[in-house]
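Secondary and tertiary structure notes
Here are the chains, one letter per residue:
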Amino acid sequence: MHQLLSRLGPCVTAWVFALGLTAALPAQAGAQTPAIAAASSLQFALPVLIERFEADTGRRLRVTYGASGNLQRQIQQGAPFELFLSADEARARDLESSGLTQGEGRDYAIGRLVWLQAKGLPLADDARPLDGVREAIAAFEAGEGKPRIALANPLHAPYGVAAKEALTRADLWTASEPLRVLGENVAQAAQFALASESRGGFAAYSLVAAPTLAERADYRLIPAQWHAPINQRMVLLKGASETSTAFFDWLMGDEAGEVLERFGFSRPDVE
């Protein structure tokens, strides 16, 4: 894993550094600021959402990003988060059924999976987005190297689950096993997909829709019917403050919806 990061190109390294800053800067707000846990697919969208919310309300928040499964485990172990923005429904509903939430959660966004690769590599047609995987497998079987295929760890990350489902549907899961490299979350998988020895990998559309990546990578959307829907759900946790509750409600509004759609999410039907 560390070798992959060390071989990232200078432009991509700058993007990786930017991701780190995005995660770290809100934590400087101090212990009085409510802490929320957010899936890595929100790495670019959430800072914009929080900035808009703070401008509208004057209330501040700080964020920790990670794989949804890891964040769920931290919450179950007592981490002092007030709001959890999961990348799937299952993790949030597990917390609901465990009695750790303040009422029921809400689906706030629907994510999309993409195939991501560095610019300059042959890009598949829209109708055949997994041709890069097939090319990598063929090259490996012909003894022409070991081009890596990146995805988030399906044990922790909903986008990794979706990637596994797409590969399985295409009968590529078993054949790709020697080439797969797993990111701890979908943001790290995107980093690995752009490493010099990678053919590409799977990422969240919300990450590649950010201008930071547009000049450095190409992508193809994976058809939504190739995997289970990525319904992203949020829950307020027991003892949540007025600020976290206000943000929970604000995220279901039109202004938040416009930001989420700009970053590649679609909106669920609002009840």
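Residues numbered from 1 in each chain as written. Predicted model: local features only at pLDDT ≥ 70, side-chain atom pairs only at ≥ 80, totals over all residues. Heavy atoms only, no water.

Examining the overall build of the protein chain
The condition is simple: Strands are runs of DSSP state E lasting at least two residues, helices are runs of H or I lasting at least four, and both sets are numbered from the N terminus onward. Any residue under 20% of the maximum accessible area for its type is buried, any over 50% is exposed, and the rest in between are partly exposed; the area is computed with a 1.4 Å probe on protein chains only. The contact rule is simple, with two residues in contact once any of their heavy atoms fall within 4.5 Å. All accessibility values rest on the Shrake-Rupley procedure with a 1.4 Å probe; residue burial counts only the protein chains present in the view.
Looking only at helices and strands, the protein chain has 12 helices and 10 strands in total. When each of the 271 residues of the protein chain is scored for burial, the buried share is 54%. Look at the contacts in the protein chain between residues 6 or more apart in sequence, and 80% of them connect residues 24 or more apart. Counting only carbon and sulfur atoms, one obtains 50% of the accessible surface of the protein chain, whose full area is about 12,000 Å².

Examining the nonpolar core
Where we set the bar: Joining through side-chain atoms within 4.5 Å is the link that ties buried Ala, Val, Leu, Ile, Met, Phe, Trp, Tyr and Cys residues into a set, and such a set is a nonpolar core.
With 73 residues, the main nonpolar core has Leu 46, Leu 85, Phe 202 and Phe 247 as its most contacted residues. Setting aside residues up to four positions removed in sequence, Leu 46 forms contacts with Ile 36, Ala 38, Val 63, Tyr 65, Leu 85 and Phe 247. Core analysis: the second largest hydrophobic core is formed by 10 residues, Ala 37, Ile 75, Phe 84 and Leu 237 among them.

Some remarks on the pattern of salt bridges
For clarity, the threshold we go by: Take a side-chain nitrogen of Lys or Arg and a carboxyl oxygen of Asp or Glu: if they are within 4 Å of each other, that pair is a salt bridge.
On inspection of all chains with the given rule, the structure shows 12 salt bridges. We note a salt bridge from Asp 107 to Arg 233, for which the minimum N-O separation is 3.0 Å. Taken together, the residues Asp 107 in strand S4 (residues 106–111) and Arg 233 in strand S10 (residues 230–236) connect sequence positions 126 residues apart. With respect to burial, Asp 107 and Arg 233 carry one shared label: buried. Ionic pairing is found between Arg 262 and Glu 258, a salt bridge with its closest N-O pair at 3.5 Å. Of this pair, Arg 262 and Glu 258 are both found in helix H12 (residues 254–262), 4 residues apart, which corresponds to roughly one turn of the helix. Several salt bridges share partner residues, and in doing so they unite Arg 52, Glu 255, Glu 258 and Arg 262 into one network.

Brief notes about the sheet that holds strand S2 (residues 62–66)
Basically, it comes down to this: Should DSSP find at least two bridges between two strands, the strands are regarded as paired. Simply put, an axis is a line fit to the C-alpha atoms, just over the touching stretch for a helix, and the angle between two N-to-C directions goes from 0 to 180 degrees.
What the 5 strands build is an open sheet, ordered S2-S1-S3-S10-S4; its pairing is mixed. Whereas interior strands pair on both sides, the edge strands pair on one side only; in this sheet they are S2 and S4. Between one strand axis and the next, the sheet turns by 20° as a mean value, whatever way the strands run. Bridge count between strand S3 (residues 83–85) and S10: 3 bridges; the pairing is antiparallel. Its bridge partner being in S10, Leu 85 is matched across the sheet by Met 234.

Notes on the sheet that holds strand S7 (residues 180–183)
Read across the open sheet, the 5 strands follow the order S7-S6-S8-S5-S9; overall the sheet is mixed. Looking along the sheet, the strands with just one partner apiece sit at the ends: S7 and strand S9 (217–221). Strand-to-strand twist in this sheet, taken as the mean axis angle between neighbours without regard to direction, amounts to 25°. Bridge count for strand S6 (residues 148–152) against S7 is 4 bridges, and the pairing is parallel. Within the sheet, the bridge partner assigned to Leu 151 lies in S7 and is Leu 182.

A look at the packing of aromatic side chains
Formally: The pairing test for Phe, Tyr and Trp rings, Trp by its six-membered ring, is centres within 6.5 Å, and the orientation test on the planes gives stacked under 30 degrees, edge-to-face over 60, and tilted for anything in between.
Throughout the structure, instances matching the rule amount to 5 aromatic pairs. Each member of the aromatic cluster is reached from another via a ring pair, and the members are Phe 53, Phe 247 and Trp 250.

Some remarks on the packing of helix H3 (residues 45–57) against H12
A pair of packed helices is characterised by two quantities: the angle between their axes and the separation of those axes. Filter applied, for reference: Here the word oblique covers every angle except those under 35 degrees (roughly parallel), over 145 (roughly antiparallel) and from 65 to 115 (roughly perpendicular). Helix crossings are classified by the rotation of the near helix relative to the far one: an anticlockwise turn of less than a right angle makes the crossing left-handed, while a clockwise turn makes it right-handed. In the scheme used here, Gly and all other residues not listed as nonpolar or charged are polar, with Ala, Val, Leu, Ile, Met, Phe, Trp, Tyr, Cys and Pro taken as nonpolar and Asp, Glu, Lys and Arg as charged.
Close contact between H3 and H12 brings their axes to 9 Å; oriented N to C, the two are set at 160°. Taken together, the axes of H3 and H12 are roughly antiparallel relative to one another. Crossing of H3 over H12 shows right-handed handedness. Together, Ala 45, Val 48, Leu 49, Arg 52 and Asp 56 of H3 and Glu 255, Ala 256, Glu 258, Val 259, Leu 260 and Arg 262 of H12 make up the contact between the two elements. Residues belonging to the contact of H3 with H12 are distributed by class as follows: 6 nonpolar, no polar and 5 charged.

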